[in-house]
Amino acid sequence: MAKKALILGITGQDGSYLAELLLDQGYEVIGMVRRSSTVTFERIAHIQDRVTLVSGDLLDEVSLINILREHKPSEVYNLAAQSFVQASWAQPVLTGETTAMGVTRVLDAIRTADPDIRFYQASSSEMFGKVQAVPQDEDTPFYPRSPYGVAKVYGHWITVNYRESYDLHASSGILFNHESPRRGLEFVTRKVTNGVAKIKLGLASEIRLGNLDAQRDWGFAGDYVRAMWLMLQQDLPDDFVVATGETHSVRELCEVAFNAVGLNWEEHVVIDPAFMRPAEVDLLVGDPSKAERVLGWHRDVDFPTLIESMVLADLKILQK
Ligand code: NAP
Ligand code: G4F
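In this text, all values refer to a predicted model and were calculated from it rather than measured experimentally.

This brings us to the nonpolar core. What tends to happen in soluble globular proteins is that the nonpolar side chains get buried as a cluster. Counting residues in hydrophobic clusters, the biggest one holds 60 residues, and the most contacted among them are Leu18, Leu22, Val29, Tyr77 and Tyr120. Among the elements that make up this core, the one with the highest residue count is helix H7 (residues 221–232) (nine residues). Looking at which domains feed residues into this core, each of domain 1 (4–178 + 218–242) and domain 2 (184–216 + 247–282 + 302–319) supplies at least three. In this view, valine 29 contacts Ala5, Ile7, Ile10, Ala19, Leu22, Leu23, Val51 and Thr52; residues no more than four positions away in its chain are not counted. Counting residues in each nonpolar core, the second largest holds 23 residues, with Ile67, Leu68, Tyr162 and Leu168 among its members.

Here we take up the side chain of glutamate 179. Among the secondary structure elements, glutamate 179 is positioned in strand S7 (residues 178–179). Under the relative-accessibility criterion, glutamate 179 is labelled buried at 1%. At 2.5 Å, the side chain of glutamate 179 forms a polar contact with the side chain of threonine 189.

One pair of aromatic rings is described through two measures. These are the centre distance and the angle between the planes. Taken as a whole and assessed by the stated rule, the structure comprises nine aromatic pairs. The interplanar angle of 80° and the centroid separation of 5.6 Å between the aromatic rings of tyrosine 17 and phenylalanine 220 together place this pair among those described as edge-to-face. Taken together, the positions of tyrosine 17 in helix H1 (residues 13–24) and phenylalanine 220 in strand S10 (residues 219–220) put the pair 203 residues apart, joining distant regions of the chain. Grouping residues by exposure puts tyrosine 17 and phenylalanine 220 together as buried. With a centroid separation of 5.2 Å and an interplanar angle of 75°, the aromatic rings of phenylalanine 84 and phenylalanine 187 are classed as edge-to-face. Placement of phenylalanine 84 in the loop between strand S4 (75–78) and helix H3 (87–90) and of phenylalanine 187 in the loop between S7 and helix H6 (188–200) is noted, with a sequence separation of 103 residues between them.

What counts and how
Residues numbered from 1 in each chain as written. Chains lettered and ligands numbered in written order. Predicted model: local features only at pLDDT ≥ 70, side-chain atom pairs only at ≥ 80, totals over all residues. Heavy atoms only, no water. Core = buried A, V, L, I, M, F, W, Y, C linked by side-chain atoms within 4.5 Å. Buried < 20%, exposed > 50% of the residue type's maximum accessible area, 1.4 Å probe, protein only. Helix = DSSP H or I, 4+ residues; strand = E, 2+ residues; numbered from the N terminus. Domains from an automatic or database assignment. Contact = heavy atoms within 4.5 Å. Polar contact = N/O pair within 3.5 Å; in protein donor to acceptor, adjacent residues only side chain to side chain. Phe/Tyr/Trp six-rings, centres within 6.5 Å; stacked < 30°, edge-to-face > 60°.

Worth remembering: the numbers are spatial, not functional.
Rendered as structure tokens:
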């Protein structure tokens, strides 16, 4: 019989790539979607007839228990969250309810409905915040710098706690930034690649950005969902850092993206204080040695290839 997986957050960037991966592996895929007055299925439109979409919300534990009881998945991937760091200062309580308490609701629903379910929690390098070591690995202490980061630390520790308290197969992937042509337009990579495409086509003349000095360890989302799946195939649950081991500044990101279409970034990027954050995460760079050694994971796509592919994809979308 085909294995059955439930993806919370299937309409998001990672959810769409993970659904593709699981379908390719022969899984039956159930995706939870929340009620909305408009359709939010753009990222999964191409596979919508191959997945089962069910209605539920991280804010509503009853909906989670009912979905687990009805569909009986053997694996649950919690990718759902309020995931935009900047928005977490404007909506700290919603971020906490979703990104922190939402994890407890899912874990508790699993404990109630079927404690044999294997669980993946989407933890984040944002938990390292004001970094206490370079590079960051599974033993680096957390020092979150945003309400989002604080909520993710809670989600991480409640996952560890349910694993230790109830012997759940619950793993936490501490993933560094990962991007793709499906990335939300508000995140800096996609904002830049979309802006570059617009400028190239004469539809805009500038991109307004905040802190160009921030450094991130950027990888490709398609590579990172493979690590999530590998974690749930292990005999024992554990925590893993997933990263490229390289870091680049927002300035370098601009350089690579503008170069891809033969433009000079300095002529088009404008610094706008509106995009500065109350507290910044200056430098992230992860050490993926454990994921490489234990899971046999490796990334395929490097930084310039990733950014150039996003620019090309945005050009295509806009030309259509
Ligand atoms: P994303 O594109 O923002 O997707 C978030 C998903 O969560 C969407 O499907 C969204 O549904 C859903 N969601 C939000 N609130 C919900 C609620 N109350 N109930 C049910 N679903 C809800 O995020 P992503 O980039 O794919 O990231 C996936 C996960 O990994 C997130 O937890 C994120 O925090 C974490 N993470 C991401 C990165 C990264 O670099 N991408 C790195 C580390 C960790 P709608 O479509 O209805 O909004
Ligand atoms: O693309 P960002 O918004 O991503 P951020 O804050 O690193 O968070 C992403 O990665 C986390 C993993 O570390 C995830 F957990 C989280 O869910 C999300 O996917 O910003 C990256 C950097 C920041 O330092 C920001 O200050 O880019 C800087 N930046 C400079 N100008 C900007 C802008 N970011 C955005 N979004 N927009 C700007 O105009």
